[in-house]
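If you want the building blocks of each chain, they are given just below.
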Amino acid sequence: MFIIKRLNQFFIFFLLILQSNFCFAQSSELKGWSSVEYGFDINEILKINLSQHFRLKEDLNVIDTYITESEISFEPINKLTLLGQLRYYSRNDNFGGIQGFENMMRYRFGIEKKLSSNKLNFELRVAYQNRFSLDRENRFKKRIRIRPLIELKMIDWTNNPKIYFEYFDEIKGNEQKVYRYGISKKINTNKSQSITLRYLYQKYVEKYSSNSSANIISIKYSFN
């Protein structure tokens, strides 16, 4: 009953976001993201997360990507966190002359600052990342990412919903820009396990091809 109640709360937010999105875009690709994450604390200021991701695209009909990820976070002072992340991708490229699963790597470095008030929590993350192909030459994306996030404080919710916007600026590559809008809800199943549900709307602004967009449904299972 507890999980069902939390799921109902999340989907109320999800339907509101989805309805407003349809007012602006009547057609958009549907994607599905899922992941399992294991996190452990080295000490009070150092933490490591290991995760495996599986993603679908083209209205959930085609495998998109398998991702293996490791992330380390270091909090030298209260509410300021330094982040380092490494990802391996097996990405399904089913367009163009060369098709099939492509091996890729991505590293990302970021800094995150948190602020709190009586009504909400605010978080700002700025990061640089570089994703490159292991199989093909001159195939990479170097991006700056900026993500402000607001956590709404509600009296009867253990984990409050989070609303955020993220901007991706491709500084070297195809000069693509991405605008991501999202809402997420974390559900604790016990002291060391949780499920996080997210809805994302993502707009791709291209320089050399047509613009596109995607609705993304995401579920993550985490344990410590």
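Residues numbered from 1 in each chain as written. Predicted model: local features only at pLDDT ≥ 70, side-chain atom pairs only at ≥ 80, totals over all residues. Heavy atoms only, no water.

Let's shift gears to the overall build of the protein. Along the backbone of the protein there are 1 helix and 11 strands. Going from the N terminus to the C terminus, the protein shows its helices and strands as α-β-β-β-β-β-β-β-β-β-β-β. A separation threshold of at least 6 residues defines the contact pool for the protein, and within that pool the share at least 24 residues apart is 47%. For the protein, the computed accessible surface area is about 13,000 Å², with 59% contributed by carbon and sulfur atoms. (Helix = DSSP H or I, 4+ residues; strand = E, 2+ residues; numbered from the N terminus. Contact = heavy atoms within 4.5 Å. Areas by Shrake-Rupley, 256 points an atom, 1.4 Å probe, with all protein chains shown as cover.)

Each aromatic ring pair is specified by the distance between its two centres and by the angle formed by the two planes. Going through the model one piece at a time under the given rule, you end up with 11 aromatic pairs. Their ring planes at 35° and their centres at 5.5 Å tell us that Tyr-38 and Phe-40 sit as a pair that is tilted. The partly exposed category is assigned to Tyr-38, whose relative accessible area is 33%. Judged by its relative accessible area of 27%, Phe-40 falls in the partly exposed class. Three or more aromatic residues joined by ring pairs form one cluster here, namely Phe-165, Tyr-167, Tyr-179, Tyr-181 and Tyr-201. One cation-aromatic arrangement involves Arg-147 over Tyr-164; the distance from NZ or CZ to the ring centre is 5.6 Å. (Phe/Tyr/Trp six-rings, centres within 6.5 Å; stacked < 30°, edge-to-face > 60°. Buried < 20%, exposed > 50% of the residue type's maximum accessible area, 1.4 Å probe, protein only. Lys NZ or Arg CZ within 6 Å of the ring centre and 35° of its normal.)

This paragraph deals with the confidence of the model for the protein. Scored by pLDDT, the protein has a mean of 87; 86% of the residues are at 70 or more. Note that residues 22-26 has pLDDT below 50 and, in this model, 1 contact with residues that lie over four places away or in other chains. (pLDDT = per-residue confidence, 0-100.)

Turning next to the sheet that holds strand S3 (residues 62-77). Reading around the barrel, the 11 strands line up as S1-S2-S3-S4-S5-S6-S7-S8-S9-S10-S11 and close back on themselves, with mixed pairing between neighbours. Each strand of the sheet is rotated relative to its neighbour by a mean of 20°, with strand direction disregarded. Of the pairings in the sheet, the one linking strand S10 (residues 193-205) to strand S11 (residues 212-223) comprises 12 bridges and is antiparallel in character. Looking at S11, one finds that Leu-200 is bridged to Ile-216. (Pairing = 2+ DSSP bridges. Axes fitted to C-alpha atoms, helices over the stretch in contact; angles between N-to-C directions.)

Bringing the nonpolar core into the picture now. Judged by nonpolar contacts, Trp-33, Leu-149, Tyr-164, Phe-168, Val-178, Leu-200, Tyr-204, Ala-214 and Ile-216 together constitute the single largest core of 9 residues. Breaking this core down by element, the ones donating at least two residues are strand S8 (162-172), S10 and S11. Once you skip the residues sitting within four places of it in the chain, Leu-149 turns out to touch Asn-121, Phe-122, Glu-123, Lys-162, Ile-163 and Tyr-164. (Core = buried A, V, L, I, M, F, W, Y, C linked by side-chain atoms within 4.5 Å.)

Okay, the pattern of salt bridges next. Inspection of the entire model under this criterion finds 16 salt bridges. Ionic pairing is found between Arg-147 and Glu-112, a salt bridge with its closest N-O pair at 3.9 Å. Here Arg-147, found in strand S7 (residues 140-152), pairs with Glu-112, found in strand S5 (residues 100-116); they are 35 residues apart in sequence, far enough to count as distant. The structure contains a network of salt bridges with shared partners spanning Arg-91, Asp-93, Glu-102, Arg-136 and Arg-139. (Salt bridge = Lys/Arg side-chain N within 4 Å of Asp/Glu carboxyl O.)

Let us now look at unusual backbone geometry. One non-glycine residue, Lys-79, lies in the positive phi region at around 70°. Here Lys-79 shows up in the loop between S3 and strand S4 (80-93). By relative accessible area, Lys-79 is classed as partly exposed at 30%. A positive phi angle is found at Asn-138, which is not glycine, with a value near 55°. Note on Asn-138: relative accessible area 72%, which makes it exposed.

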